[in-house]
Each structure stands twice: as C-alpha cells, then as structure tokens.
Amino acid sequence: MLRRWHLAVLALLAVLAMACEGGAGAADPEPTRTRTAKPTATGTAGYPASMAALGDSITAGVGSCLAYLACSRNSWSTGTGDDIDSHYRRILAKNPKIKGHAYNYAEPGAEASALAGQATRAVDAKVSYVTVLIGANDACAGTVGGMTSVATFRANVDRGLGRLKKGLPKARVLMASIPDLYRLWQVGRDDAEVVRVWRAGGVCPSMLADPASDAAADEQRRRAVRDRIDAYDEELRAACVKYGSRCRWDDGRVHDVRFSIDLLNTFDFFHPNLKGQNKLAEVTYPPNFTW
C-alpha cells in the first residue's frame, strides 16, 4: 500500500532485484503479461482457468521477498512461489488449465481511482476470476483531510466493477475488505524498532504519524482513519452486493485478521511478509469456498 513518495525509493532499490532473481525468496523476475487471448473455460466443479489480481502493494507482494520491491510470486492472490498457498495454487490443484494464466495487475501506491484501469487489463486478458483488494492508500494520506471521501471512493469502486461486469459478465469476483490499520498501530506502538521504522519511513502518516503519542489529538486522528476504513469497507460490501451473484464479499475477513509483528515484513512493518500473505490467502479462500 505504497503512496507516491515510495515509488522513487522502489526505483532506487530496483537494482537489488537482480541479486534476488532465482532465490527462494526472490522478487518475481517475470514481467507482467498482457496477452489478450486467454482461456476462459472452467474445469472440475467450475474452477476457473484464468484469473487476475487487482489492487495495491499488498496484492503486489511488496516486501514479501528479500528486497523492498513488488514480489508477485508471493501474492496471496496470484502467487506462484513454492511457499505461498495462494488462490492460484489452490485452484491449480483442482484445475490444471489455469497453469500460466494468472495475472497480477496490482500496483504499488494504487488508490481506488486506479481500479478501472486495472479492470480494463483484466477484461483484455479475458480472465474468468478476479480478486480485488483496494482502499488502504485512500486512507493512508498525509493528513486526515487528505483521505479520499467516502462518496468518491464508492464512485471509483463502482467504475472499476462496472468495467468488469460489462467486459467479463461471466467472471467471478472476490471483493476483499481493507486491513485494520488501527489494529496495526495498536500492535506496533510499543515496539521500539517498529516505531523507529514507522517514524523514519513516514509509513501511512494519517494513521502512524507519532505512533508512540498518547495525545488526544493523535488518538482522534487515528480513530478518524479507522472510521473511514470502516466506511470504505461498507461501500465495498454494498458495491459487491449491487454487482450481483457473481461477486463474493469476504465478510470482512481481511479486516478481521489479527495482524501481529511476525506477519509483517521488517522493511516497513506495514506490508505482509510471506507468512502474512499466506494468512490473507487462508482467510479469503476458506474451506467452504465455492464456485
């Protein structure tokens, strides 16, 4: 969930990817593929034969490899790595036709306004399953006043879902809730190393600025961000209901994850590490997941 200021940092760190390629925790060396002729048939019990992931740096797998870079091989959604039990790998075990047809269009720094563009790429790829996890960057503004309004957020989500529904009327959509950033602050506020990293990196300032402060104004700010995320989640749920029977809401499972420090990478103590990515895959693909 990187905002624009992170992008320059990622560019400077890109050289590290060369050192990571081929390693067990390496950043994904393969570029995103955008071919348009994708199989849309389903296999056993209706399992999809192609899929796409839309969203921000969480789904892009930022920080889940050996460098502070996007690492889609470890994505909870489309991850192909040996150590990630992603949606893709779970589906692959049921329907071999999906092999090689999982596309990650999630972008570090993306807000809900980017969803329509990502949805267009999924439509072009003619996929039969789409995961959506978006919204944390809309809340992680420089100030509370800089957060995306609820109305604008919903309009952006509807625009993206509208493109999916029009272009992929038979595709299944999973709508994931936004992680509980207030809970994240509660977990990390008393850890000296976490606080040091949050202060040095300026991570999600609307929530995590002055993380050790007990001042009333700081607590009011954090609660405002918490409430905005709750409002976004309600709009995501409602937008999924409006979409129809082919959209499945996660019932707030991502938001309800009780994130602990061991589920976060040590670059920013904000994005999920490999263990955290596996947790996201687990809660969004429960045993009773049906097609």
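You'll find the structure just up there.
All values derive from a computational prediction rather than experimental measurement. (Residues numbered from 1 in each chain as written. Predicted model: local features only at pLDDT ≥ 70, side-chain atom pairs only at ≥ 80, totals over all residues. Heavy atoms only, no water.)

**Student:** Honestly, the sheet that holds strand β3 (residues 129-133) in this entry has me stumped. Any pointers?
**Tutor:** Two orientations exist for strands paired in a sheet by backbone hydrogen bonds: parallel and antiparallel. An order of β2-β1-β3-β4-β5 is seen for the 5 strands of this open sheet, with the pairing classed as parallel. Pairing within the sheet leaves two strands with one partner each, and these edge strands are β2 (102-104) and β5 (247-249). Averaged over all pairs of adjacent strands, the angle between their axes in this sheet comes to 15°, without regard to strand direction. Here 4 bridges tie β3 to strand β4 (residues 172-175), and the two strands are oriented parallel to one another. Residue pairing in the sheet places Val132 in a bridge with Met175 of β4. Sitting on the sheet, helix α5 (residues 115-124) is in contact with β1 (51-55) and β3, with an inclination near 170° to β1. (Pairing = 2+ DSSP bridges. Helix = DSSP H or I, 4+ residues; strand = E, 2+ residues; numbered from the N terminus. Axes fitted to C-alpha atoms, helices over the stretch in contact; angles between N-to-C directions. Contact = heavy atoms within 4.5 Å.)

**Student:** Which parts of the structure should I look at to understand the pattern of salt bridges?
**Tutor:** Two side chains that carry opposite charge are able to pair once their charged atoms sit near each other. For the structure on display, the rule yields 14 salt bridges. Linking Arg226 and Asp227 is a salt bridge whose minimum nitrogen-to-oxygen distance equals 3.2 Å. A relative accessible area of 24% means that Arg226 is categorised as partly exposed. In this structure, a network of salt bridges that share partners links the residues Arg154, Asp158 and Glu235. (Salt bridge = Lys/Arg side-chain N within 4 Å of Asp/Glu carboxyl O. Buried < 20%, exposed > 50% of the residue type's maximum accessible area, 1.4 Å probe, protein only.)

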